[in-house]
2 protein chains.
Amino acid sequence: MPRLSQRALNMPPSPIRKLVPYAEDAKRRGIKVYHLNIGQPDIPTPQVMLDAFRNHQIKVLEYGHSAGLWEYREGLARYYQQYDIAVTKEEIIVTTAGSEAIIFAMMATMDHEDEILIPEPFYTNYIGFAHEAGVKIVPITCYAEDGFRLPPDEQILNKITPRTRVILICNPNNPTGYVYTREELERVRKIALDHDLFIISDEVYREFVFDGAVHHSILHFPGIDDRAILVDSISKRYSACGARIGCLVTHNKEILETALRFGQARLCPPTLEQIAALAALNTPASYFEEVMQEYRRRRDIVVDALQEIPGVICQKPQGAFYTIAKLPVDDADKFSQWLLEEFHDNNETVMLAPANGFYATPGMGIDEVRIAFVLNTKAMQRSMEILKKALSVYPGRVK
Amino acid sequence: MPRLSQRALNMPPSPIRKLVPYAEDAKRRGIKVYHLNIGQPDIPTPQVMLDAFRNHQIKVLEYGHSAGLWEYREGLARYYQQYDIAVTKEEIIVTTAGSEAIIFAMMATMDHEDEILIPEPFYTNYIGFAHEAGVKIVPITCYAEDGFRLPPDEQILNKITPRTRVILICNPNNPTGYVYTREELERVRKIALDHDLFIISDEVYREFVFDGAVHHSILHFPGIDDRAILVDSISKRYSACGARIGCLVTHNKEILETALRFGQARLCPPTLEQIAALAALNTPASYFEEVMQEYRRRRDIVVDALQEIPGVICQKPQGAFYTIAKLPVDDADKFSQWLLEEFHDNNETVMLAPANGFYATPGMGIDEVRIAFVLNTKAMQRSMEILKKALSVYPGRVK
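What you see is a predicted model; the values in this text were computed from it and never measured.

Caption draft 1: Inspection of the overall build of chain A at higher detail. Across its full length, chain A holds 13 helices and twelve strands. When its C-alpha atoms are laid out on the principal axes, chain A stretches across 60 × 60 × 55 Å. When the 399 residues of chain A are sorted by exposure, 66% land in the buried category. The long-range share in chain A, meaning contacts at least 24 apart out of those at least 6 apart in sequence, stands at 75%. Positive and negative charge centroids in chain A, built from 44 and 52 side chains respectively, lie 3 Å apart.

Caption draft 2: Layout of the sheet that holds strand S11 (residues 353-354) of chain B. Residues and elements named next belong to chain B. The antiparallel open sheet is built from three strands, whose spatial order is S9-S12-S11. One side of each edge strand has no neighbouring strand; the edge strands of this open sheet are strand S9 (322-326) and S11. In this sheet, strand S12 (residues 368-372) lies alongside S11 in antiparallel orientation, the contact comprising two bridges. Bridge assignment links Ala353 to a residue of S12, and that residue is Arg370.

Caption draft 3: Quick look at the packing of helix H2 (residues 20-28) of chain B against helix H12 (residues 332-341) of chain B. Residue and element names in this part refer to chain B. Closest axis-to-axis distance for the H2/H12 pair is 8 Å, and the angle between their directions is 20°. Between H2 and H12, the crossing angle belongs to the class labelled roughly parallel. In this structure, H2 meets H12 at a crossing whose hand is left-handed. Contacts from Tyr22, Ala23 and Ala26 in H2 reach Gln337, Leu340 and Glu341 in H12. Here the residues of the contact of H2 with H12 are counted per class, giving four nonpolar, one polar and one charged.

Caption draft 4: Looking closely at the pattern of salt bridges. Residues and elements named next belong to chain A. Inspection of every chain in the model, using the stated rule, returns 63 salt bridges over all chains. Arg299 is the salt-bridge partner of Asp211, the closest N and O atoms lying 2.8 Å from each other. Pair noted here: Asp211 is in the loop between strand S6 (198-202) and strand S7 (228-233) and Arg299 is in helix H11 (residues 285-308), with a separation of 88 residues, a long-range link. For Asp211, a relative accessible area of 45% corresponds to the partly exposed category. Taking relative accessible area as the criterion, Arg299 reaches 2% and is therefore assigned buried. Between Arg299 and Asp300 there is a salt bridge; the shortest N-O distance is 3.0 Å. With relative accessibility at 23%, the residue Asp300 sits in the partly exposed group.

Caption draft 5: Main features of the sheet that holds strand S11 (residues 353-354) of chain A. Read from one edge to the other, the open sheet built from three strands follows the order S9-S12-S11 (chain A), with strand pairing classed as antiparallel. Edge positions in the sheet fall to strand S9 (322-326) and S11 of chain A, since each of these pairs with one other strand and no more.

Caption draft 6: Representation of the pairing of S9(A) in the model. Residues and elements named next belong to chain A. The element S9 is largely enclosed, with a buried count of five among its five residues. Both S9 and strand S12 (residues 368-372) contribute to a ladder of five bridges, which runs antiparallel. Bridging from a neighbouring strand, Tyr322 pairs with Ala372 of S12.

Caption draft 7: Up close: the domain arrangement of chain A. Residue and element names in this part refer to chain A. For chain A, the assigned domains read domain 1 (6-44 + 286-393) and domain 2 (47-280). Taking only C-alpha atoms, the centre of domain 1 and the centre of domain 2 are 25 Å apart. Of the roughly 3,200 Å² buried at the junction of domain 1 and domain 2 (both faces included), carbon and sulfur atoms supply 62%. Broken down residue by residue, the surface that domain 1 buries against domain 2 is led by Gln318, Ala320 and Phe358, which jointly contribute 18%.

Caption draft 8: Structural detail: the pairing of strand S10 (residues 348-351) of chain B. Residue and element names in this part refer to chain B. Residues Glu348 and Val350 point to one face of S10 and Thr349 and Met351 to the other, with burial holding for every one of them. Here strand S1 (residues 32-35) pairs with S10 via four bridges, running parallel. By the bridge assignment, Val33 is partnered in S10 with Thr349.

Reading guide: rules and limits
- Residues numbered from 1 in each chain as written.
- Chains lettered and ligands numbered in written order.
- Predicted model: local features only at pLDDT ≥ 70, side-chain atom pairs only at ≥ 80, totals over all residues.
- Heavy atoms only, no water.
- Helix = DSSP H or I, 4+ residues; strand = E, 2+ residues; numbered from the N terminus.
- Buried < 20%, exposed > 50% of the residue type's maximum accessible area, 1.4 Å probe, protein only.
- Contact = heavy atoms within 4.5 Å.
- Lys, Arg positive; Asp, Glu negative; His and termini not counted.
- Charge placed at Lys NZ, Arg CZ, Asp CG, Glu CD.
- Pairing = 2+ DSSP bridges.
- Axes fitted to C-alpha atoms, helices over the stretch in contact; angles between N-to-C directions.
- Parallel < 35°, antiparallel > 145°, perpendicular 65-115°, else oblique.
- Left-handed = near helix turned anticlockwise from the far one by under 90°.
- Nonpolar A, V, L, I, M, F, W, Y, C, P; charged D, E, K, R; others polar.
- Salt bridge = Lys/Arg side-chain N within 4 Å of Asp/Glu carboxyl O.
- Domains from an automatic or database assignment.
- Buried area = accessible area lost by both parts, 1.4 Å probe.

See the structure below:
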């Protein structure tokens, strides 16, 4: 048979899914598994959005504009203005989820074998997109002990080569929950200007900031209109992961024109989902208040419980709905598999995402896991109880 | 400002859209424009599909499986069995439209600078996908005078190089409407086996065959389970272009595994659209009978009218809903622009797709246009009347 491409053969499997067969097996054995491994929230999608599907008047489900429906782009421009992000509808390209916005941004700025700097741990699917685009991720390592803030400038600068084209910031961060400060983003801005880099800012968790933390969008910063690219998604904002609606926003006309061409090749994002996303812009403020309160409660339960377990290192994140915890185990991969294969407490166990898959540097994150706050407070509480018990009997426990 | 990628700077604009500004301008001047340039049918989407959106019971619009919802994949397997295509649900990966199936297939089989053979004229967006994937399209030229059948073997074989990895067939063909014969596909099969190539078969117009012509799927042919990749879409079948649901089907497990990894990177295709696509599988046979009759009527009106215009060469296509016509003009690009800028008949004009954008060989298709049968019979008739009058007065007329 003909040989598959190297691109195919080397495409990494999704690290957050590799344990799925063990979870399925546990369920077959009658074990209840609390899924803390994926970012699929249990929060209801806003009623206005769900109703928009029910009330559609479509006769022919047609292609929309390749850059997105104009009404929706107008709505998005108004949405961004609420956050003091001054963009016009012409500066927004609607994409098939944030995923496509990232890949369009990568392809617009990088050729085969170019390099992109990304603070690690990072959203694991960046690896897949970089692989597809044929570009190389160069990680900037951040540490649990530092709460995952950016390292000093020299540790970023010494990663820059003649092939470096982009620095990508995910803010608030998945998987760490870290919210970058104005000063950190100012440093990123200066590095990008000094070294002629684009900045891709993944801000899909914009609304998810707690304890008075302030989210700074990359588009708030002056003097980088030619190089700042915002990528966004409605998946988490409206608990509408299955809608597959995102966007790419920039003041750079050349990038907009290119992204439109990439967009024209695939014709358009889903039409009815955009109509529903437009309706979702009318989600009442009370919805977000409740959702944020709920996530904060969950975070407090999880992090407070983790901090009480001897040997666990976990700082309280101010954003998104994840935390990375350093565990007193030999190998978080083995531990996570053991949780599904061998452990249960009263026929219940937890599924974690081993964090090494969120790092590009080999060996990093070996004793870390990502926990997503995607179950209700009672389930999160119970999950932490199970985790604590498991850690106390795990044969590979260290310290 | 930082330089965009070569991939971005060289990304070709969509040839079927480059005249859009002229059409918009014509409309501003009060001219009615008959859009024969794009494959957006006016046919109603089946009621069962539209109702599925209205009747959804979703509370949380969640991610689905990265390879598509199991129920939908089961439904698709049954759908293919109707056409004697024996596949299991595990051999189907649901994609975000046919576009994504094509790009997954290209990335699975080709690395940067590898080559793919495609009979030209071809679906213009293959150029964009190849460009994104960093691979090179090597055209196999087909001719209007031959009805766009495949050329003799030697004209295919002399295009094969050590970098050739794939031969792509679009059957029934967009833009020519040509339906490949069993013998032609047998030749493709043999070439693929002899030269260790994959075959990507784009069969989105499967149902659109007329006059007793038979559509042969690539999956009907024996001995190529390891190299045949079917790509498909519901866009035309159910007049649901805006749904963005397609699939990739193959017996090759390695390709399925790879496509799943590409799929995991972008998480999933739209969830509710898959539920609607599942419902669409229950579209009554009477729907298709009416639709096919309607397309046949339109085709006959268009082709009969074209064949009566002196100097026009157009054979009657047996499939899809397009035809390529060779016109007695100096340059179909200029003619199409002139139709929008300078011509009108009683304040009406037509918008055509100049066919040179469907060829990879420079200079080919200069005097050809693609006409899509996407308007009702009366509008198609009137469009041909306008075209005839326009050709009689066009200053760049030749012959």
